[in-house]
Amino acid sequence: MKKPRSNKAPAKQAQQQPNGTSDSKLAKFLDPNSSWDKDKLLDTLYWIRQAIGLFCGLLWGAIPLVGAIWIVLFVAISTGTVYWVYSQRLNIDEEEFGGHGAILQEGFFASFTLFLLCWILVYSLVHF
Amino acid sequence: MAFSLKYLDALAVVSISFATALLCEAISWLLIYRTSSYKSLRQSIDRASKKLDMLKSPSNKSASNSKKLDRVETSLKESTRDLSLAKFKSGGVVAGVLIVVFGLLNSMFEGKVVAKLPFEPIPFVRKMSHRGLHGTDWTDCSMVFLYFLCSISIRTNLQKYLGFAPPRAAAGAGLFPMPDQKMN
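Residues numbered from 1 in each chain as written. Chains lettered and ligands numbered in written order. Predicted model: local features only at pLDDT ≥ 70, side-chain atom pairs only at ≥ 80, totals over all residues. Heavy atoms only, no water.

1. Observations concerning the environment of B:Val72
All names here are of chain B.
- For valine 72, the location among the structural elements is in helix α3 (residues 63-109).
- Taking the C-alpha atoms as reference, valine 72 lies 49 Å from leucine 117; in sequence the two are 45 residues apart.
- Look past the residues within four positions of valine 72 in its chain and what remains in contact with it is Ala48, Lys51, Leu52 and Leu55. (Helix = DSSP H or I, 4+ residues; strand = E, 2+ residues; numbered from the N terminus. Contact = heavy atoms within 4.5 Å.)

Here it is as structure tokens:
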């Protein structure tokens, strides 16, 4: 699934950009051509994953959604979103960052336990 | 939707875990993270891993580089080993705190259902989620399972937030945090 990477050339130009341009963090995050170094990208994806875990945990618990199938759905949503962010939104060439595996497992276990914790907590407190 | 807050114990377990996580990070900061040796070690690891990434990138593959690559790799391994040794001291104190808190929670919530699971756990998980509980309602949740979830999610995120998480190059964090990560 090799897509022509348009990220290489613009990333070079992005570096020559005068630093004066005061692009806010969010603009930089949404700009697909901004250059990412490995740690910054993985940290960003890490916190995105934790936010998804927290949100899904609270939502599943509040509704409530009951049954192990919803764990599978959470894992799919969480992994799908992170994949969409880095490969479609940020146009990242995964080879440069250690391949899909390394990127997708960043912060996975912490977000999974956070999701379970929130789901159980809200479910127990609100529905009993 | 009147809720009787039957499982208020769950909140108690979570808040005790949160306080423990803060205490452990404070101890680690006091004993290790603020020391200059740790800071310089951390910088040398970050520098070495950045140099490694640059040397490994496909654009500069040459003989002289591979020698440099080996040198940087060995220096990275050495700093990583020194980092783990440095953390060993605070790790011992933190482990002591975790054991005491676990004993306290055990005495408080032994045999008590602290939460309700919104799913039926697989037998492997049941050993932990139903530990010390009577009956066979597998959706009853014991303190041990909740404490396990708290300590992983809260401590890992707290360390990450405070910047105490081990550098990626050193930990080579796989799917599960490295055991020694649990110690610091």
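2. Overview of the packing of aromatic side chains
Residue and element names in this part refer to chain A.
- In total, this model carries 14 aromatic pairs over all chains according to the counting rule given.
- Geometrically, the ring pair formed by tryptophan 60 and tryptophan 70 is edge-to-face, given 6.4 Å between the ring centres and 80 degrees between the ring planes. Separated by 10 residues along the polypeptide, tryptophan 60 in helix α3 (residues 38-62) and tryptophan 70 in helix α4 (residues 69-89) bring together distant segments of the chain.
- In this structure tryptophan 60 comes out as buried when scored by relative accessible area, which is 5%. (Phe/Tyr/Trp six-rings, centres within 6.5 Å; stacked < 30°, edge-to-face > 60°. Buried < 20%, exposed > 50% of the residue type's maximum accessible area, 1.4 Å probe, protein only.)

3. A look at the nonpolar core
- One finds A:Leu45, A:Phe115, A:Leu116, A:Ile120 and B:Met143 to be the most contacted residues of the largest nonpolar core, which totals 52 residues.
- Of all the secondary-structure elements, those providing two or more residues to this core are α3, α4 and α6 (108-126) of chain A together with α1 (8-33), α3 and α5 (143-162) of chain B.
- Ignoring sequence-local partners within four residues, the contact set of A:Phe115 consists of A:Gly53, A:Cys56, A:Gly57, A:Trp60, A:Trp70, A:Ile71 and A:Phe74.
- Residues B:Ile32, B:Ile45, B:Leu76 and B:Phe164 belong to the second largest nonpolar core, which totals 13 residues. (Core = buried A, V, L, I, M, F, W, Y, C linked by side-chain atoms within 4.5 Å.)

4. Quick notes on the interface of chain B and chain A
- Counting residues at the interface gives 34 residues for chain B and 31 residues for chain A.
- The interface formed by chain B and chain A contains 2 salt bridges.
- Notably, a salt bridge pairs A:Asp43 with B:Lys160, separated by 3.0 Å at the nearest N-O pair.
- Viewed at the interface, chain A and chain B are joined by 5 residue pairs in polar contact (both at pLDDT 80 or more).
- Only α1, α2 (36-56), β1 (115-116) and α5 of chain B provide two or more residues apiece to the side of chain B that touches chain A.
- When residues in the side of chain B that touches chain A are grouped by element, the largest group, 11 residues, is from α5(B).
- Split into classes, the residues belonging to the side of chain B that touches chain A amount to 23 nonpolar, 5 polar and 6 charged. (Salt bridge = Lys/Arg side-chain N within 4 Å of Asp/Glu carboxyl O. Polar contact = N/O pair within 3.5 Å; in protein donor to acceptor, adjacent residues only side chain to side chain. Nonpolar A, V, L, I, M, F, W, Y, C, P; charged D, E, K, R; others polar.)

5. A look at α1(B)
- Taking 1.5 Å of rise per residue, the 26 residues of α1(B) would be expected to cover 38 Å, and the 36 Å separating its terminal C-alpha atoms lies within 8% of that figure.
- Taken together, the buried positions of α1(B) are occupied by B:Ala10, B:Val13, B:Val14, B:Ser17, B:Thr20, B:Ala21, B:Cys24, B:Glu25, B:Ile27, B:Ser28, B:Ile32 and B:Tyr33. (Expected span 1.5 Å × (residues − 1).)

6. Quick notes on the UniProt feature "transmembrane region" (unreviewed entry) in chain A
- Those places that UniProt annotates as "transmembrane region" (unreviewed entry) correspond, in this numbering, to residues 107-126 of chain A.
- This span, residues 107-126 of chain A, is 95% helix and 0% strand, and a straight line between its end C-alpha atoms measures 28 Å. (UniProt positions renumbered as here; feature names shortened; annotations may be inferred.)

7. Topic: the packing of α3(A) against α6(A)
Residue and element names in this part refer to chain A.
- Taken N-terminus to C-terminus, the directions of α3 and α6 make an angle of 20 degrees; their axes are 7 Å apart at the nearest point. In terms of their interaxial angle, α3 and α6 are classed as roughly parallel. By crossing handedness, the relation of α3 to α6 is classed as right-handed. Residue-level inspection shows Tyr46, Arg49, Gln50, Gly53, Leu54, Cys56, Gly57, Leu58, Trp60, Gly61 and Ala62 of α3 in contact with α6, the latter providing Phe108, Ala110, Ser111, Leu114, Phe115, Cys118, Trp119, Val122 and Tyr123.
- Class assignment of the residues belonging to the contact of α3 with α6 gives a composition of 14 nonpolar, 5 polar and 1 charged. (Axes fitted to C-alpha atoms, helices over the stretch in contact; angles between N-to-C directions. Parallel < 35°, antiparallel > 145°, perpendicular 65-115°, else oblique. Left-handed = near helix turned anticlockwise from the far one by under 90°.)

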